[in-house]
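Now for the letters of each chain:
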Amino acid sequence: MSSAAEAPAGPAAAPPRTALRALLRDPLGAFGLAVVVLFVLMALLAPWVAPQDPLALDVRDKLAPPSWDHWAGTDQLGRDLLSRLVWGARVALGVALASVGVAALLGLLLGLLAGYGPRWLDALLVLVLDGVSALPLIMFALAVITVAGPGIPTLVGVIAAVSVPGYARLIRAQTLALRQAPFVEAERAMGASPARIALVHLLPNVVGPLVIVASMDIPVVVMLEAGLSYLNFGVRPPTPSWGNILQDGYASLREAPWMVALAGLPLVLCTLGFTFLGESLRDALDPRLRGTLR
Amino acid sequence: MTLLAVERLCVAYPGEGGPVHALRGVDLRVDRGEIVGVVGESGCGKSTLASALLGLLPPGATAEGRVVLDGHDLLALPERGRRRLRGPTVSLVSQDPMGALSPVLTVAEQLCDFQHNLRLSRRDRHDRAREALGSVGLPDALLARFPHELSGGQRQRVAIAAALLNRPALLVADEPTTALDVTTEAQVLDLLGRLRGDAGTAVVLVTHHLGVVGALCDRVVVLYAGEIVEEGRVEEVHDDPRHPYTRALLACDPGALAARARRLPTIPGRPPGLAAPPPGCSFAPRCPRALGRCLTPPPRVRLSPSHAALCHRALA
Amino acid sequence: MSLLEAEGVHVGLPGARRRGGPDILSGVSLSLAPAEALGLVGESGSGKTTLARALLGLVPAQGRVAFEGRAGAGATAALRRRAAILFQDPVASLSPRLSVGRAVTEPFVIHGLSVDRPAKAAELLDRVGLPAALAARYPHELSGGQARRVCVARALALSPALLVADEPTAGLDVSVQGEVLNLLATLREEAGLALLVISHNLAVVRHLADRVAVLYLGRLVEEGPAEAVFADPLHPYTRGLLASEPSPDPRRRRTQAPVTGEIPSLLSRPSGCPFHPRCPRAVARCRAEAPALRPLAPGRRAACHLA
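This write-up is about the structure you can find in this document.

Rules used in this analysis
- Residues numbered from 1 in each chain as written.
- Chains lettered and ligands numbered in written order.
- Predicted model: local features only at pLDDT ≥ 70, side-chain atom pairs only at ≥ 80, totals over all residues.
- Helix = DSSP H or I, 4+ residues; strand = E, 2+ residues; numbered from the N terminus.
- Rg over C-alpha atoms; globule rule 2.2 N^0.38 Å.
- Axes fitted to C-alpha atoms, helices over the stretch in contact; angles between N-to-C directions.
- Parallel < 35°, antiparallel > 145°, perpendicular 65-115°, else oblique.
- Contact = placed C-beta atoms within 7 Å.
- Nonpolar A, V, L, I, M, F, W, Y, C, P; charged D, E, K, R; others polar.
- Pairing = 2+ DSSP bridges.
- Buried ≥ 20, exposed ≤ 12 C-beta atoms within 10 Å, placed from the backbone.
- Right-handed = clockwise from strand over helix to strand, strands pointing away.

Within chain C, the regular secondary structure consists of 11 helices and 12 strands. A compact globule built from 307 residues would reach a C-alpha radius of gyration of about 19 Å, and chain C, at 20 Å, matches this within 12%. On the principal axes, the C-alpha backbone points of chain C span a range of 65 × 50 × 35 Å.

What follows is the structure, given as structure tokens:
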């Protein structure tokens, strides 16, 4: 209505720097960030951080309790538990980031196509995506892995495949909403091709929520990988995964009860850390909520 | 007979760098049956004034002064007391009629609902609703419709009917025709003009459109940067504007120019920020007639019993 | 040779059948000469915004539209380069993640023309009276007035022959309306730009346009030189529009609204002349037969049986 001569129009998008500051002010967010950084470093620097070779067998010293030699004890084959846990972080984060990354990229592409492309393509894609999301996740994962065999690439592929519909739907909804926006019409009027509009003008505006949802999915995928590995459908031994370490711990529950607790600890911590970080990030980046964080 | 007396009203909103003074010492008097126009542009404070007249200032706003409506000081009353006045004594018609009407209620249900504080049977309320609709020139058939099924003009008329249901002494209309086509606007203005004759309702009409003021109002006050810079009978202010802002505003109206102009006049600059209001005349930075003494607060110069202007050079 | 020529433009309601179904616009023919300013006047439901979009090929339409002598697909391609449109909401017309500098030079990139982006951006901003420093800002950081000027700068990037302004003064206070209108008038003189101004505000159109076309419910009802149409309207609707405009002068207060009723819905279009239900002078013929737009004076056309 009024021209609001001096006041800037519209809500200000939160610039990264102030978002980071807002994040750090939230205790849970700061904690989450610290934990995530810790685990990422652990995963990246595993070869140097792990005190010993995770695959080195020492059967005589099996199921030993925590000691100065082995800070977390040893497993049923005498391997140093701590080293296995550290390398497990590499697997967990590697699988999580790879599968979420692939799924997000694919979801972004399909969502943009469905939202901005011709109507028939949208109808087709929605049909396919709904079909995939109708599959019960664990059953689908088990079925594929039974056929293709367990292993990290299969795992990443399966998890990515079931995650794509959610992301694609999100991007599609955002794109559909922006399709009618005045600036899109303005670009069309200037002669911009649909590809340019989709990539240069729509993509940056729809990708925000995707980043947040994807980062919230990382802990979910970490859990998923652990679960599948626990069931021996995920990462195969001797490669250490928090899931199969838990499985070993469960099998040796009588003799070495500490194994289960110590194996579960990084899993829980990592998941919590990512969750807190993701939630705090979402709150920090949402310009409407920023006032309440003060 | 004075219905509304606003005395030295100051309203401030909390702001990032300190309070923003939206209204700075406004005095306004409205008699029964009078139509007073409040004219101003963006940021002058006219919407704040409209809210104050209903005792509906947003939480966080601080108000000083008095808003005496039919003998009651709205600012001194608790919310319960103010609520009793809304409807029977004062009611509001705002710019966006879609926002005023609930989208899930039919017109009849809405109009009956607005009468909730009257002890009447459902049949009586329905009858009054039909009567109200008729008084704004709408057929009974619309009673069963939903707001989204009506045109903008019809919706605004329903909003006016709703505002008049309880026969208020004062109707506050905040930009009632801004969102309407000019042909519909003409009809709604006619309707508002007839109200005075029929029910003796006084109207405070807040608008940025000088034409609306000319078409409907008895008196007009010109608001700039939270202050009344000129007031008087509409003929006086139109024929002989004494404040440079009023003069410039009248000159900028494209309809005012007799012949086609190569360039339209504008008022250069922007209104002052109200977080730190200027010490002297708030219009001085943009005024073509400013002098040194305009850095001091201007006096309110009385030009006739009804006409006054806030300007050092009002008489010059 | 006219710059823009439209003949029999028809835009149907989305979802309606091709012929005979309800339409937004039908049978609209008009032309625009180089460096001429044409005002499109009408109220809500008149179809003026749709007409502008149909002329620019942004909305599917039937009929013939020729631009710079070319028709059909050739016209559409030429319009993308040689015509620009200013939309009603300037802030929303700018891509939120693009800086001002990149936004105003966007047309060059779209059409594959190489240009020194920062230098060109500074030049374009200067033409509309904005500081070059604004190039680093983002749309949400601009005021309404600044955003409007940025849109004008962007529209001028490729030196268009035609500029379409959709409600250029919407949301602006009266004291600043002149700024954008004067800017358009100046640019027109400097660059020989043709203007198509869409507005419901008659006074604005009067000062900016050479000729004016009045639309009612998707039909062209009057057309002619602006001064003549405003001084002596031939169509009852035009007369009603002009008379309905409230005047600041209390002495010119009307006793009665000149035009009663509301604009009918596009779905229940009146038979014959679309204005007859609201026309004070309607006769039986007006209900039966739709009047054709015919010349009634040199350069003036009106669609009324009684004119």
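Moving on, we get to the packing of helix H2 (residues 27-44) of chain A against helix H4 (residues 81-116) of chain A. Residues and elements named next belong to chain A. Packing of H2 against H4 leaves a shortest axis separation of 7 Å and a crossing angle of 105°. Of the possible angle classes, the one that applies to H2 and H4 is roughly perpendicular. Within the contact between the two elements, H2 uses Phe39, Val40, Met42 and Ala43 and H4 uses Val86, Ala89, Arg90, Leu93 and Gly94. Within the contact of H2 with H4, the residues separate by chemical class into seven nonpolar, one polar and one charged.

The next point concerns the sheet that holds strand E4 (residues 62-67) of chain C. All names here are of chain C. Across the sheet, four strands lie side by side as E2-E1-E4-E5; this open sheet has antiparallel pairing. Two strands close off the open sheet at either side, each with one partner strand: strand E2 (23-32) and strand E5 (70-71). Sheet topology note: the E4/E5 ladder contains two bridges and is antiparallel. Looking across to E5, one finds that Ala66 is bridged to Ala71. Those strands touched by helix H1 (residues 48-55) are strand E1 (4-12), E2 and E4, and its axis lies near 120° from that of E1.

The next point concerns the environment of Arg233 of chain B. All names here are of chain B. If you trace the backbone, Arg233 turns up in strand E10 (residues 227-233). Remark: the alpha-carbon pair of Arg233 and Asp140, spanning 93 residues in sequence, is separated by 38 Å. Apart from residues lying up to four places away in sequence, Arg233 is in contact with Asp218, Arg219, Ser306 and His307.

Let us now look at the sheet that holds strand E7 (residues 162-166) of chain C. Residues and elements named next belong to chain C. Taken in spatial order, the eight strands of this open sheet run E6-E7-E8-E3-E9-E10-E12-E11, and their pairing is mixed. Bordering the open sheet on either side are strand E6 (83-86) and strand E11 (294-297), each of which pairs with just one other strand. Strand-to-strand twist across the sheet, computed as the mean angle between neighbouring axes with direction ignored, equals 20°.

Residues and elements named next belong to chain B. For strand E8 (residues 202-207), a buried count of six out of six residues is recorded, marking the element as mostly surrounded by other parts of the structure. Here five bridges tie strand E3 (residues 35-39) to E8, and the two strands are oriented parallel to one another. Residue Val39 lies in a different strand from E8, and its bridge partner there is Thr207. Both strand E7 (residues 170-174) and E8 contribute to a ladder of five bridges, which runs parallel. When the bridges of E8 are listed, Val172 appears paired with Val204. After leaving E7, the chain enters helix H7 (residues 182-199) and then returns to the sheet as E8, a path that is right-handed.

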